[in-house]
Amino acid sequence: MLKKIPVDRLRLGMYVQELCGDWMSHPFWRKSFLLRSEGDLARILDAGIHAVYIDTAKGLDDVEGRDAVEVREEVERDLVAALASAPVEPLKVSLAEEMERAKKVHSQADKVVRGMMQDVRLGKAISLDDVEPVVEAITGSVLRNSGALIGLIGIKNKDDYTFLHSVSVCTLLVAFGRSLGLEAAMVRELGVGGLVHDLGKMKVPDSVLNKPGRLTDEEFALIRRHPGDGHAILLETGGVGPIPLDITRHHHERLDGKGYPDQLAGDAISKAARMAAIVDVYDAITADRCYHKGMPATEALRKMWEWSQFHFDHVLLQAFMRCVGIYPVGSLVRLESGRLGVVVEQCDESLLTPKVRVFFSTRSGAHIRPEIVDLSRPFGGGGADKIVSTETPERWKVDPQRFLAMA
Ligand SMILES: [Fe+2]
């Protein structure tokens, strides 16, 4: 049985199934493990972990632990209540129409990030000439139909993670900034910050960056250098505004002061850096990595909601969820009718009832004729169906991307 316990009840001999926190803040544990040493226990406390899930079938029990299913239901209820009525901006063009343009913008952005990162790797001076045009192009696409790029960043390729992650963070920050009603200049700076925020990672050896197993303390220390190194590179480059500089240096800070590199806490962390921290973790935990399978977007949002008290600005996290939706475009969902579909559009009235293009029957295990189901319109929009779960494409051996932007 899985139980959630506060860390002060954690004892040697317990089997730690999951640490409640993103694994970038404590990447020495990327998998479940039996807690055997006092050293590991001390590391967990040091990393600012406040709670863990233990598996009582594989290790010692704790009578005061809370059933994981119960906790999950509570988080979900809380989340749904917080987001039940969220206005959604009307779309300017259809997803199918925007998708082709978005693909070009995405690959152009990817190329620019790769170029900059390779220059850092080679110790060359970087050029930021192409950054602003790419951010402009991303902003344009987001304004027309943010679902196209948000759907595209759902495609995660673990080999290209570092580059694609920068493009994703840029896109999500632009969409997030827009949804908060920030000024165009601020949104552009957020986008630039997203594109350059991880440049310092190119100073970390590949063998550490892509190490599948547990990192040593020394290796983790190397990773923790990247915000400071990135900041120094940008300062040296010159011409970078204060917002991208701040995002680069502070996207791993945490509200409780347990982040890095400056251990800023609470209000000492700027709004831009708080936004970047949310977007950065969201993209990281939904991506496949060499050491971790990415989780579905909805699951990631649920987890972040659970950790938000210590890690993130709760109000901003709520706003981010309103922006991408509880079921972001590109999510694979299973409906009560047994059909699988991909989310293609958020609904104006409720984030719980998006438009879904169904294409597979879990009952027959076969593809069905694709059709749009508008879950907000039970009578006339595709039947009284509802989402019962999010699914991984691997489980059903399907490719939701194929059905995302059909004309
Ligand atoms: Fe980072």
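Residues numbered from 1 in each chain as written. Predicted model: local features only at pLDDT ≥ 70, side-chain atom pairs only at ≥ 80, totals over all residues. Heavy atoms only, no water.

**Some points on the overall build of the protein chain**
Right, so step 1: Each helix and strand in the protein chain was counted, giving 14 helices and ten strands.
Right, so step 2: Here the C-alpha radius of gyration of the protein chain, 21 Å, is about what a compact globule of 407 residues would show, namely 22 Å.
Right, so step 3: In the protein chain, which comprises 407 residues, the proportion classed as buried is 55%.
Right, so step 4: Taking all contacts inside the protein chain whose residues are at least 6 apart in sequence as the whole, residues at least 24 apart take part in 68%. (Helix = DSSP H or I, 4+ residues; strand = E, 2+ residues; numbered from the N terminus. Rg over C-alpha atoms; globule rule 2.2 N^0.38 Å. Buried < 20%, exposed > 50% of the residue type's maximum accessible area, 1.4 Å probe, protein only. Contact = heavy atoms within 4.5 Å.)

**With respect to the coordination of the iron ion**
When a metal carries six donors in an octahedron, the ideal angles between them are 90 or 180 degrees, while four donors in a tetrahedron ideally lie at 109.5 degrees.
Right, so step 1: For the iron ion, the full set of protein donor atoms is D198 (OD), H226 (NE2), H251 (NE2) and H252 (NE2), and the range of their distances to it is 2.2 to 2.3 Å.
Right, so step 2: Considering all four donor atoms around the iron ion, the spread of angles at the metal, 84 to 171°, places the coordination shape in the irregular class.
Right, so step 3: All donors to the iron ion come from one chain, and their sequence spacing reads D-x27-H-x24-H-H.
Right, so step 4: H251 gets classed as buried once you look at its relative accessible area, which sits at 2%.
Right, so step 5: Note on H252: relative accessible area 9%, which makes it buried. (Donors = N, O, S within 2.8 Å, 3.2 Å for Na, K, Ca; no water. Tetrahedral: all angles 85-135°; square planar, octahedral: opposite > 155°, others 65-115°.)

**Notes on the sheet that holds strand β3 (residues 33-34)**
Right, so step 1: With antiparallel pairing, the five strands of this open sheet are ordered in space as β3-β2-β4-β1-β5. In the strand order of this sheet, the two ends are held by β3 and β5 (66-67), each with one partner.
Right, so step 2: Direction of pairing for strand β2 (residues 15-19) relative to strand β4 (residues 51-55): antiparallel, over a ladder of three bridges. Its bridge partner lying in β4, L19 is registered against V52. (Pairing = 2+ DSSP bridges.)

**Brief notes about the domain arrangement of the protein chain**
Right, so step 1: You can read the domains of the protein chain as domain 1 (2-64), domain 2 (95-324) and domain 3 (332-403).
Right, so step 2: Listed per partner, the contact involves 22 residues of domain 1 and 24 residues of domain 2.
Right, so step 3: Buried area between domain 1 and domain 2, both sides added, is near 2200 Å², and the carbon and sulfur share of it is 53%.
Right, so step 4: At the junction of domain 1 and domain 2, the tally comes to four salt bridges.
Right, so step 5: Between R214 and D40 there is a salt bridge, and its shortest N-O distance comes to 2.8 Å. (Domains from an automatic or database assignment. Buried area = accessible area lost by both parts, 1.4 Å probe. Salt bridge = Lys/Arg side-chain N within 4 Å of Asp/Glu carboxyl O.)

**Regarding the sheet that holds strand β6 (residues 332-335)**
Right, so step 1: Spatially, β9-β8-β7-β6-β10 is the arrangement adopted by the five strands of the open sheet, whose pairing is antiparallel. Of all strands in the sheet, those with a lone pairing partner are β9 (366-374) and β10 (387-390), marking the two edges. Ignoring which end each strand starts from, the neighbouring axes of this sheet average 30° apart.
Right, so step 2: The pairing of strand β8 (residues 355-361) with β9 spans six bridges and is antiparallel. Bridged to S361 within β9 is A366. (Axes fitted to C-alpha atoms, helices over the stretch in contact; angles between N-to-C directions.)

**Quick word on the pattern of salt bridges**
Right, so step 1: Scanning the model with the defined rule gives 33 salt bridges in all.
Right, so step 2: The salt bridge partner of R188 is E136, with a shortest N-O separation of 3.7 Å. On the criterion of sequence distance, the pair formed by R188 in helix α6 (residues 184-196) and E136 in helix α4 (residues 131-152) is long-range, its members being 52 residues apart.
Right, so step 3: Judged by its relative accessible area of 28%, R188 falls in the partly exposed class.

**Section: the packing of α4 against α6**
Right, so step 1: Where α4 contacts α6, the two axes come as close as 9 Å, and the packing angle between them is 115°. Between α4 and α6 lies a crossing of right-handed hand. Contacts between α4 and α6 involve V131, E132, V134, V135 and E136 on the former and, on the latter, R188, E189, G191, V192 and L195.
Right, so step 2: Here the contact of α4 with α6 is built from residues that sort into five nonpolar, one polar and four charged. (Left-handed = near helix turned anticlockwise from the far one by under 90°. Nonpolar A, V, L, I, M, F, W, Y, C, P; charged D, E, K, R; others polar.)

**Side note on the pairing of strand β1 (residues 2-6)**
Right, so step 1: Of the two faces of β1, the one lined by K3 and I5 is fully buried and the one lined by L2, K4 and P6 carries no buried residue.
Right, so step 2: Alignment of β1 against β4, held across five bridges, turns out to be antiparallel. Among the inter-strand pairings, P6 is bridged to a residue of β4, identified as A51.
Right, so step 3: Sheet topology places β1 next to β5; two bridges connect them, and they run antiparallel. The partner of K3 across the bridge, within β5, is D67.

**Overview of the nonpolar core**
Right, so step 1: Core analysis: the biggest nonpolar cluster contains 101 residues, and I138, L172, L173, L199, Y282, M304 and F320 have the highest contact counts within it.
Right, so step 2: A total of ten residues in this core trace back to one element, the largest contributor, which is helix α3 (residues 95-121).
Right, so step 3: Once residues lying within four places of it in the same chain are set aside, the contact partners of L199 are M116, M117, V120, I126, I233 and L234.
Right, so step 4: Core analysis: the next-biggest nonpolar cluster, separate from the first, contains 14 residues, I5, M14, F33 and I49 among them. (Core = buried A, V, L, I, M, F, W, Y, C linked by side-chain atoms within 4.5 Å.)

**A word on the pairing of strand β7 (residues 339-345)**
Right, so step 1: Counting buried positions over the seven residues of β7 gives six, a clear majority of the element.
Right, so step 2: Strand direction decides the pairing type here: β6 and β7, joined by three bridges, are antiparallel. Bridging from a neighbouring strand, R334 pairs with L340 of β7.
Right, so step 3: From the end of β6 to the start of β7, which pair antiparallel, there are three residues, and G338 there has a positive phi angle of about 90°.
Right, so step 4: Where β7 and β8 come together, six bridges link them in antiparallel fashion. Paired with L340 across the two strands is F360, which belongs to β8.

**Notes on the packing of α6 against helix α10 (residues 242-250)**
Right, so step 1: In contact at an axis separation of 8 Å, α6 and α10 are set at 40° when each is read in the N-to-C sense. One finds that α6 runs oblique with respect to α10. You can see that α6 and α10 cross each other, and the crossing is right-handed. Taken together, the residues of α10 that come into contact with α6 (itself represented by M186, E189, L190, V192, G193 and V196) are I243, P244, I247 and T248.
Right, so step 2: When the residues that make up the contact of α6 with α10 are grouped by side-chain class, the tally is seven nonpolar, two polar and one charged. (Parallel < 35°, antiparallel > 145°, perpendicular 65-115°, else oblique.)

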